[in-house]
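# Chain and residue survey
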Amino acid sequence: MVIKMIIENIENISKSTKKSYSNALLKIEKHFKETLTINTPYDWAKRRVDVYMFIETQTESSKALFYSAIIKLCKQLGLNEENKFYESQWKKYVKISKTIEKTTLTERKKKNWIEYQVLKKWWDELYLKIHTKYKDMNWIDDLSFSNMNKKTKLELETCLLFGFWLSDPIINPPRRIGDYANMLVSGCRAIRYRENHIEDEDLINDIKTDDWNWLVYEYANPLKKILELEFNVYKTSKKYGQIKTKGVNPKLEFVLNVWIQATLNTYFKEPKPDIVPLFCQVSNPTTPWTSAYLSKRIIALSQANFKKNIGASMLRNIVLSHIYKSIDLPGMKNYAKACGHDYKTMLENYKH
């Protein structure tokens, strides 16, 4: 669609924001195609009163988004007068939107909040169960999801998902859930396969790109020692660029090794690929789980374990609020960057 093409050409905004803008503009366009006679593409953008009346029918929290989208469209089309009008409306509603968001978050916090120390103790106990079960496992041959009962698989999934935030937030700063949804694992192949298939086309094509985030195994220790986590695709990537975290907490590393080996043995035939999604869709293992699905899983697991609606954002909020209580300003700035957000954002949203 033409609107999507226009929005895609806008620089310095994330893919998720472009998608939100496109959806908002397409909704407006659909409305006017059904209610008005539009002879020229985007002629509706010039009908300020009609656009204003339409947006007034939307929820208070979404009005700022609609105006932001129209402002971007007007700038691309050179509609300066219309842009001034929409900007004046946007300034009014963006304040309302932020107030609603904070009020809603505060109410949700009070109802579902669990202190970090409680969650940390729970996770450590869960990790001990996973470690006891798999520390002596012959991973290469035996470990797969099909060999696990439902309870064990659920415990492993829970330990991994919550481990990103609870295993050790100093070594592995808590990031947004989308950073892990967009993650591929590199270095899965056994050394014996690499040595025997030096000229293998599939092996040659296993090359890391900046289109994904990466969990990278040491070349000499596939499925054992994690070299680094590399973040290329995340909300503030245009500001901070590529961020690398050297290694992971040993407990989280163990859980990741179990999960990834089970993934390989369950979904992939010999010869095993060297690169796989960290979270594979069952119906299509080469496709990662989406951020939305991961978020739903975390909420479902929170409800099952705590009878609380703790999503990925709140879990991150709980951890960061704990960390920022005892960190100085210089350390705060560096830590905020490692988490993928600005320290001013952190001061406003996390420390309390």
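Scroll up a little and you will see the structure.
Remember, predicted model here, so these are calculated numbers, not experimental data. (Residues numbered from 1 in each chain as written. Predicted model: local features only at pLDDT ≥ 70, side-chain atom pairs only at ≥ 80, totals over all residues. Heavy atoms only, no water.)

### So, the overall build of the chain
Assigned secondary structure in the chain consists of 17 helices and 5 strands. The burial tally for the chain puts 48% of its 352 residues in the buried class. Split by element, the accessible area of the chain, about 18800 Å² in all, is 52% carbon and sulfur. (Helix = DSSP H or I, 4+ residues; strand = E, 2+ residues; numbered from the N terminus. Buried < 20%, exposed > 50% of the residue type's maximum accessible area, 1.4 Å probe, protein only. Areas by Shrake-Rupley, 256 points an atom, 1.4 Å probe, with all protein chains shown as cover.)

### What about helix α15 (residues 312–323)?
The terminal C-alpha atoms of α15, which comprises 12 residues, lie 17 Å apart, in line with the 16 Å expected from a rise of 1.5 Å per residue. Burial runs high along α15: 10 of the 12 residues are buried. Those residues of α15 not exposed but buried are A312, M314, L315, R316, N317, I318, V319, L320, S321 and I323. (Expected span 1.5 Å × (residues − 1).)

### Considering the environment of S283
The topology assignment puts S283 in the loop between β5 (275–277) and α14 (291–306). Along the backbone, S283 and Y267 are 16 residues apart, and their C-alpha atoms lie at a distance of 9.5 Å.

### Digging into the nonpolar core
Judged by nonpolar contacts, the single largest core of 69 residues is most densely connected at F162, L256, I260 and F279. Among the elements that make up this core, the one with the highest residue count is helix α13 (residues 250–267) (9 residues). Excluding its chain neighbours within four sequence positions, the residues that come into contact with L256 are L160, F164, L215, Y217, I226, V248 and L278. Residues I10, V51, F66 and C74 belong to the second largest nonpolar core, which totals 28 residues. (Core = buried A, V, L, I, M, F, W, Y, C linked by side-chain atoms within 4.5 Å. Contact = heavy atoms within 4.5 Å.)

### Digging into empty space enclosed by the protein
Once rolled over the atoms, a probe with the size of a water molecule shows which space is left empty. Considering all chains together, one arrives at 2 cavities of 30 Å³ or more under this definition. Roughly 50 Å³ of volume is contained in the largest cavity. Across the lining of the largest cavity, the residue classes tally to 6 nonpolar, 2 polar and 1 charged. (1 Å grid on protein atoms, 1.4 Å probe; cavity = no way out; pocket = protein on both sides within 12 Å on 5 of 7 lines; lining within 4 Å. Points joined across faces, edges and corners; volume = space filled by probe spheres on them. Nonpolar A, V, L, I, M, F, W, Y, C, P; charged D, E, K, R; others polar.)

### Focus: the sheet that holds strand β1 (residues 183–186)
If you trace the 5 strands from one edge of the open sheet to the other, you get β4-β3-β2-β1-β5, paired in mixed fashion. The strands lining the two open edges of the sheet, one partner per strand, are β4 (243–246) and β5. Put simply, the sheet's adjacent strands are angled 20° from each other on average, direction ignored. In terms of strand pairing, β1 meets strand β2 (residues 213–217) through 4 bridges, oriented parallel. Looking at β2, one finds that S186 is bridged to V216. (Pairing = 2+ DSSP bridges. Axes fitted to C-alpha atoms, helices over the stretch in contact; angles between N-to-C directions.)

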